[in-house]
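What follows is each chain in one-letter form.
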Amino acid sequence: MDIVGCYEFMAEPFHCDFGGRLFMGHLGNHMLNAADFHSSDRGFGMKYLMTIKRSWVLSRLAIEMTEMPEMYTRFNVETWVESAMRYFTSRNFAVVGTSPDPSKGGKKVYGYGRSIWAMIDTESRQPTDILAIDNGAINQWIEKDKACPIEKGGRVKIGDGAELVRTIDTFYNDVDINGHINSVKYIEHVLDLWDLEWYRSHRVKRFEIAYVAEAHAGDRLSFYREQVVGDSYNVRIVRQDGMECCRCKVTFF
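Residues numbered from 1 in each chain as written. Predicted model: local features only at pLDDT ≥ 70, side-chain atom pairs only at ≥ 80, totals over all residues. Heavy atoms only, no water.

**Observations regarding the nonpolar core**
Heads up, the rule is: To qualify as a nonpolar core, a set must consist of buried Ala, Val, Leu, Ile, Met, Phe, Trp, Tyr and Cys residues joined through side-chain atoms within 4.5 Å. Classification of residues uses two cut-offs on accessible area relative to the type maximum, computed with a 1.4 Å probe and protein chains only: under 20% is buried, over 50% is exposed, and between them is partly exposed. Contact definition: two residues touch when any of their heavy atoms are within 4.5 Å.
Membership of the largest hydrophobic core comes to 58 residues, with the highest contact counts inside it found for Met24, Leu27, Tyr186 and Phe207. Beyond its immediate stretch of four places on either side in the chain, tyrosine 186 contacts Ile181, Ile209, Tyr211, Ala213, Ala215, Leu221, Ile237, Cys245 and Cys246. Formed by six residues, the second largest nonpolar core is a distinct cluster that contains Trp80, Ala94, Tyr112 and Cys148.

Take a look at the structure:
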């Protein structure tokens, strides 16, 4: 079995925006599915972890795209583990398709992703030792030499003057298998802070998100936005009790 996993997806029409290109949220789902396929095939995925009351949770995600796949386009998500420590592991992604240009070797690169994951005890909700799973089996699947030429997600700084843009309620469809608000749902809610007219002339170039605390169904989430420079914005998401759930940085082009 290869160290790098490669999984085919399609930009299905109802997963695309009004411009006929894949929604960022659906791309995020494809990346998370690829991560699960890769880890499950190699013995440390969710299917096994659930039997020992463990689960992967996403801590950070950065996606940077030069282009989104168009409707009906088939593409692959490549994924590999870059490093593993006791409480965190880093996993990278490449979104690739085919190119008719022979100079590109028949390969078209849409973009890349970087992610950081933690493993938690599903009862205590506390971090647990990744390397204790099957005597550190994850170490057999580390690939350090494959390039992922985008910056790692950095610390998102947002000032007290950030504008409250929207407050939303959360429901059944926001909750994932871990019982908290789904990682990708945050991405979708953040991108909804800009209206349709904005997206007629802008596309997402890079999206970074760092998860800080869990939110659950019934929580009210407030979104604070601050323009950094040009078409780059920072966003903070806060629960009704004042606890910050996550921070994001969105760059458009």
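Once the structure has been displayed, the description carries forward.
**A word on unusual backbone geometry**
Note the following rule: Elements are defined by DSSP. Helices are runs of H or I of four residues or more, strands are runs of E of two residues or more, and each kind is numbered from the N terminus.
At arginine 125, a position not held by glycine, the phi torsion is positive, near 65 degrees. Inspection of the secondary structure assignment puts arginine 125 in the loop between strand S5 (107-121) and strand S6 (163-169). Residue arginine 125 is classed as partly exposed on the basis of its relative accessible area of 26%. Although it is not a glycine, asparagine 135 adopts a positive phi angle of roughly 55 degrees. In this fold, asparagine 135 is placed in the loop between S5 and S6.

**Description of the sheet that holds strand S8 (residues 220-229)**
Note the cut-off: By the convention used here, strands pair only if DSSP detects at least 2 bridges between them. Axis lines are fitted through C-alpha atoms, for helices just across the contact stretch, and the angle between N-to-C directions can take any value from 0 to 180 degrees.
Strand order across the open sheet formed by ten strands is S1-S3-S4-S5-S2-S7-S10-S9-S8-S6, with antiparallel pairing between neighbours. Edge positions in the sheet fall to strand S1 (5-10) and S6, since each of these pairs with one other strand and no more. Averaged over neighbouring strand pairs, the angle between their axes works out to 25 degrees when direction is ignored. Two elements, S6 and S8, share six bridges in a ladder whose sense is antiparallel. In the sheet register, isoleucine 168 faces S8, and the bridge partner there is leucine 221.

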